[in-house]
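Residues per chain, in single letters:
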Amino acid sequence: MSDNDVADVTRGPVAGGVDHHESTLRSRARGPYDGGPDMIQLLDPEGQRVLHGGAEEYAHHVDALTPEDLRGFYRDLVLVRRFDLEATALQRQGELGLWVSLLGQEASQIGCGRAMRPQDHAFPGYREHGIAWCRGLDPMRLIAMYRGVDRCAWDPKEFGFHTYTIVIGNQLLLGTGYAMGVQRDGDVGTGDDERDTAVVAFMGDGATAQGDVNEAFVFAGVNDSPIVFFCQNNQWAISEPNERQMRSPIYKRADGFGFPGLRVDGNDVLATYAVTKEMMDRARAGQGPSLIEAWTYRMAAHTTSDDPTKYRFSAEVEMWKLRDPIARFKTWLAHEGIADGAFFAAIEAEADELASSVREATVTMPDPDVDEIFDHVYVEPHRQVEDDRAFLRAYADSFEDEGVA
Amino acid sequence: MAAQRMTIAKALNAGLRRAMEKDPKVVLTGEDIGKLGGVFRITEHLQKDFGEDRVIDAPLAESGIMGTAIGMALRGYRPVVEIQFDGFVYPAFDQIVSQLAKLHSRTRGQIRVPVVVRIPMGGGIGAVEHHSESNEAYFAHTLGLKVVFCSNPTDAYWMIQQAIESDDPVIFFEPKRRYHERGEVDLDLAPTLDLYSARTVREGTDVTIACYGPMVKTCLDAAAVAADEGRSLEVIDLRSVSPLDIDALAGSVTKTGRLVVVHEASSFAGFGAEIAAEVTERCFHSLEAPVLRVTGWNAPYPPSKVEEHFLPDLDRILDGVDRSLAY
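All figures in this text were calculated on a predicted structure; none of them were measured in a lab.

Here we look at the nonpolar core
Grouped together as the largest cluster of nonpolar side chains are 195 residues, with contacts concentrated most on Ile209(B) and Cys219(B). It is helix 3 (residues 67-92) of chain A that contributes the most residues to this core, 10 residues altogether. Setting aside residues no more than four positions away along its own chain, Cys219(B) makes contact with Ile209(B), Cys211(B), Val235(B), Val262(B) and Ile317(B). Membership of the second largest hydrophobic core comes to eight residues, among which are Leu102(A), Met299(A), Ala300(A) and Ala301(A).

Quick notes on the interface of chain B and chain A
Many descriptions give the size of an interface as the accessible area lost when the pieces come together. The partner chain A presents 35 residues to the 37 residues of chain B that form the contact. Where the side of chain B that touches chain A is concerned, the elements lending two or more residues are helix 3 (62-74), helix 4 (90-100) and helix 5 (103-106) of chain B. If one sorts the elements of the side of chain B that touches chain A by residue count, helix 3 of chain B sits on top with nine residues. Of the residues belonging to the side of chain B that touches chain A, the class tally is 13 nonpolar, 16 polar and eight charged.

A word on unusual backbone geometry
Omega for the bond connecting Ser242(B) with Pro243(B) falls within 30 degrees of zero, at 0 degrees, which places this linkage in the cis form. Locating Pro243(B) in the fold gives a position in the loop between strand 12 (240-242) and helix 9 (246-256). Of note, Asp224(A) is a non-glycine position whose phi angle comes to about 50 degrees, a positive value. Within the secondary structure, Asp224(A) is located in the loop between helix 9 (211-223) and strand 3 (227-233). The backbone phi angle of Ile238(A) is positive, close to 50 degrees, even though this residue is not glycine. Mapped onto the fold, Ile238(A) is located in the loop between strand 4 (236-237) and strand 5 (240-241).

Focus on the domain arrangement of chain A
Assigned domains of chain A: these are domain 1 (3-363) and domain 2 (370-401). Of note, the centres of domain 1 of chain A and domain 2 of chain A, computed from C-alpha atoms alone, are 41 Å apart.

Overview of the packing of helix 4 (residues 106-114) of chain A against helix 11 (residues 269-284) of chain A
Residue and element names in this part refer to chain A. At their nearest, the axes of helix 4 and helix 11 sit 7 Å apart, and the two run at 35 degrees to each other. Here the hand of the crossing between helix 4 and helix 11 comes out right-handed. Within the contact between the two elements, helix 4 uses Ala-107, Ser-108, Ile-110, Gly-111, Cys-112 and Arg-114 and helix 11 uses Val-269, Ala-271, Thr-272, Tyr-273 and Thr-276. For the contact of helix 4 with helix 11, the class distribution of residues is six nonpolar, four polar and one charged.

Comments concerning the sheet that holds strand 10 (residues 207-211) of chain B
Strands pair in a sheet through their backbones, by hydrogen bonds, and they do so in one of two ways: parallel or antiparallel. Residues and elements named next belong to chain B. Taken in spatial order, the five strands make up an open sheet running 9-11-10-13-14, and their pairing is mixed. Lying at the two open borders of the sheet, with one neighbouring strand each, are strand 9 (199-202) and strand 14 (292-296). Averaged over all pairs of adjacent strands, the angle between strand axes in this sheet comes to 25 degrees, irrespective of strand direction. Taken together, the five bridges between strand 10 and strand 11 (residues 233-237) define a ladder with parallel strand orientation. When the sheet's bridge partners are listed, Ile-209 is paired in strand 11 with Val-235. Packed on one face of the sheet, helix 10 (residues 271-283) meets strand 10, strand 13 (259-266) and strand 14 and runs near 155 degrees to strand 13.

Let's talk about the sheet that holds strand 3 of chain A
All names here are of chain A. Sheet architecture is open: five strands sit in the order 1-2-3-7-6, paired in parallel fashion. Both outer strands of the open sheet, strand 1 (121-123) and strand 6 (261-265), are each paired with one neighbouring strand and no more. Taking each pair of neighbouring strands and ignoring which way they run, the sheet shows an average axis angle of 20 degrees. The pairing of strand 1 with strand 2 (residues 199-204) spans three bridges and is parallel. The residue of strand 2 that forms the bridge with Phe-123 is Ala-201. Relative to strand 7 (residues 290-295), helix 11 is tilted by about 170 degrees, and along the sheet it contacts strand 2, strand 3, strand 6 and strand 7.

What counts and what doesn't
- Residue numbers run consecutively from 1 along every chain, following the written order of its sequence.
- Following the order in which they are written, the chains are lettered starting with A and the ligands numbered starting with 1.
- Given that the model is predicted, a residue must reach a pLDDT of at least 70 before its local features are reported, and side-chain atom pairs must reach 80 or more before they are shown or counted; all residues, however, enter totals for whole chains, interfaces and linings.
- Working definition: the nonpolar core is a set of buried Ala, Val, Leu, Ile, Met, Phe, Trp, Tyr and Cys residues, joined through C-beta atoms within 7 Å.
- The exposure label follows from counting other C-beta atoms within 10 Å of a residue's C-beta, where the C-beta atoms are placed from the backbone and the thresholds are 20 or more for buried and 12 or fewer for exposed, leaving partly exposed in between.
- Numbering of helices and strands runs from the N terminus, with a helix taken as a DSSP run of H or I at least four residues long and a strand as a DSSP run of E at least two residues long.
- Two residues form a contact once the distance between their C-beta atoms, set from the backbone, is within 7 Å.
- Lys, Arg, Asp and Glu make up the charged group, whereas Ala, Val, Leu, Ile, Met, Phe, Trp, Tyr, Cys and Pro make up the nonpolar group; the residues left over, Gly among them, are polar.
- Where each domain starts and ends comes from a domain assignment, either automatic or drawn from a database.
- Only the stretch in contact is used when a helix axis is fitted, and all axes are lines through C-alpha atoms; the angle between N-to-C directions ranges over 0 to 180 degrees.
- Rotating anticlockwise by less than a right angle from the far helix to the near helix defines a left-handed crossing, while the corresponding clockwise rotation defines a right-handed one.
- Strands pair, by our definition, only if DSSP identifies at least two bridges between them.

What follows is the structure, given as C-alpha cells:
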C-alpha cells in the first residue's frame, strides 16, 4: 500500500476483519497501537462481546438498553457518518469553506452523547458533530458555520449544546464554570433524575497540552464539580502524534488532579456509552469530576485543509480501518438478532435521504445580510459600532444611487 | 441615608455588597478575595456575609478564573472577577478576547455573558514589576467588551453596580493609587449619568483635558494651578473608553479648540491615539492646535524608584497645555 491511500479514507469505511498486518505494524517506531491493558472494551473489533478486563463493571449499563435503543445507536452511527462524508464532499465542491471530519470517531461521540440526559450540557470543540446529533441539533446548523454564513447558529440553552470552540481547550473552563453554576443551583445529588445535572466537556489529545485544560482539571477537582472531561484521543493533533504532546497516558493524569481517569475503546459504542453513563451518573450524584480518554483514530485529515500524507503512513490508517466502530457494531447486532438485513437497508436508505437533503439545503443556503456584521456585538448599543453600521449603510447606498448595486 | 465620606476602596466594597444584596445571582471570584478580602481589601467581609459559594477563593490561575466565570454566566450567574493586579490579567486574555467578548455575537444574541472584570490598574505605588500597568488599550481594541474607569468614590460606588447590572461584559478599571482617597458618597442618590457617559469635572474655555482613572485627580490639580496662572482648562473624565463618549469630547473641543489627552499608558498605539484621530475627524475646523498627548513614556514600566519620572504629573500636564497654546 502506498501513502497515497490515506486520501481514500474519506470515501468511507472498510468492513472489519482479521488484521494480518498488525504484528508488523506494532513493531514500528510509534509503539503499540492498542490501548493497553487498562482500556475498557465491551465489543472487540470482531464484534464479539468482551466479558473481562474491566468490562464486567460496566456491562450492566448495556444490559439495561432495549433492542430499540441499540438499533438507535446504529442509526446514529450510520447517519452521522453519512452526514460527515457528505459535508466533506460539499467542501470539495466548494460549497463549504472548511469541514472538520469526525470519520472514525463516531462511536466515541454517539456512546457519549446517548449517555447524556436532556438537562445535561455539552461543551464541544469543533468536531463534535455526533454529540450535536444526539442533542437534537439540525446538522444544517453545523453546516452554516463551516459554509461561512454563521458562527454559532443555535441557542446553546435550547439544546444543552454550547458553541463550537476553535481556540483549543477554552471550552473546558466554560464547562467547568457551568458545572460550578449547577452546584450553586443545587442541581446535583438530589436523587431526582430529571433535575440532577452534569456537564460533559470535549477535547482532543492535542488539547491536553493546553493550560486551560489543566486549569479546568484543577478548578473542577477542587470544587468537586459535576463534569466529565471527555478526551477523544484520535492519535493526531493535526500533524503531531501523541508523543509530541505528552509523556504519560492522558487518562492517568486525572489521578494527579484528584479524580478518576479511565481509558475506553473509543471505537466501541457500547463501551463509550457505558463508561460515560457511569461517570455522568457519578457526577450528577455529586461525586465530582472524571476524565474519560476515548482511544480512537482520526481516519480522515484534520480538516479539509490538511494533508495527512505529509506526516503519517497509510499502513496506520489501514490498520485502524480494521477497528472500524460501525462494522463491529453491525456484526454484533446481526449476530445477536437485534437487527436484520431489512433494518440495515432501511438505515442505508435513510442515510441516502439525509445526505441528499443536506446537499440540497447547503447549496440553497443564503448568505447573511451584510448589516448583520453589526448585530449583537453588544446587548446595549455601542456608539462606535453603530457609527460604523451607519457609515456602511450610507456607503452602500451611495453605490445604489449610481445604479451600480 | 445622608452622604458619607469614604474611600474609593470602601465605596467599591459597599457597591459590591449592595449588588450582592439586590441580586442573588451575583458571585465574586478571584484570588484571595474571600478570607483575606483581597490584597486591597475591596471584598473585605463579603465572604463572611454572603458565603463561600458567592465569594470564591479561586485557585491561582487567571485563565481558569476567567473561563469558569464565563461558564457560570452561561448558567445564569453574574460573576464579578477580581484580577489581583493589572499585570496578572494576561493569562486570562485569551478567555477575555476569544470567549467573553464574542459569545454574544457568535450566538446572534442568544446568550449573554454579563461578567465584570475588576482590574486594579496603574502605577505610583512603588510596586515591583507587573503591578503598575495601564493595559486599557488591549481591551478597548476588542469589540464586544465595554471598558470603564472609576476615578472617585461616588463613581466607584455606582459604576460598579451599573457594570454588574450591564448585560454586556465590562472591564472595570480601578485606580489603585487612589484607593484610599476620600470623597462624599450618597449611597441612595441614584446617578444621573449612565455607565458610558463622560463627565465634565471642571469647566473651562482655553484647553480641554481628556483623562480617566487615576489621572483625573492629577488633571484637576493641574487645572487649579493653571487657573492661578490665568488659564482656563476644561477637564473631562471620560469614565468609559469603550464605548467612547465622543459627543461630549467633541463638544468641549469645539468650544476650546485645543485638546490634551492624559493617560498613564504609553502613547504609542495607546488610547490617546484613538481620541486624537476621532477628535481630529470631528473637530478639524475647530482645532487651533494638534491634539497632544501627555502619557507614560514609550518604554516598559520602569523600576519604582524612577516611576515618578515615567508617569504624567502636574508639571508635565501644564507643559502639554503650554505646548498646545503655543500653536
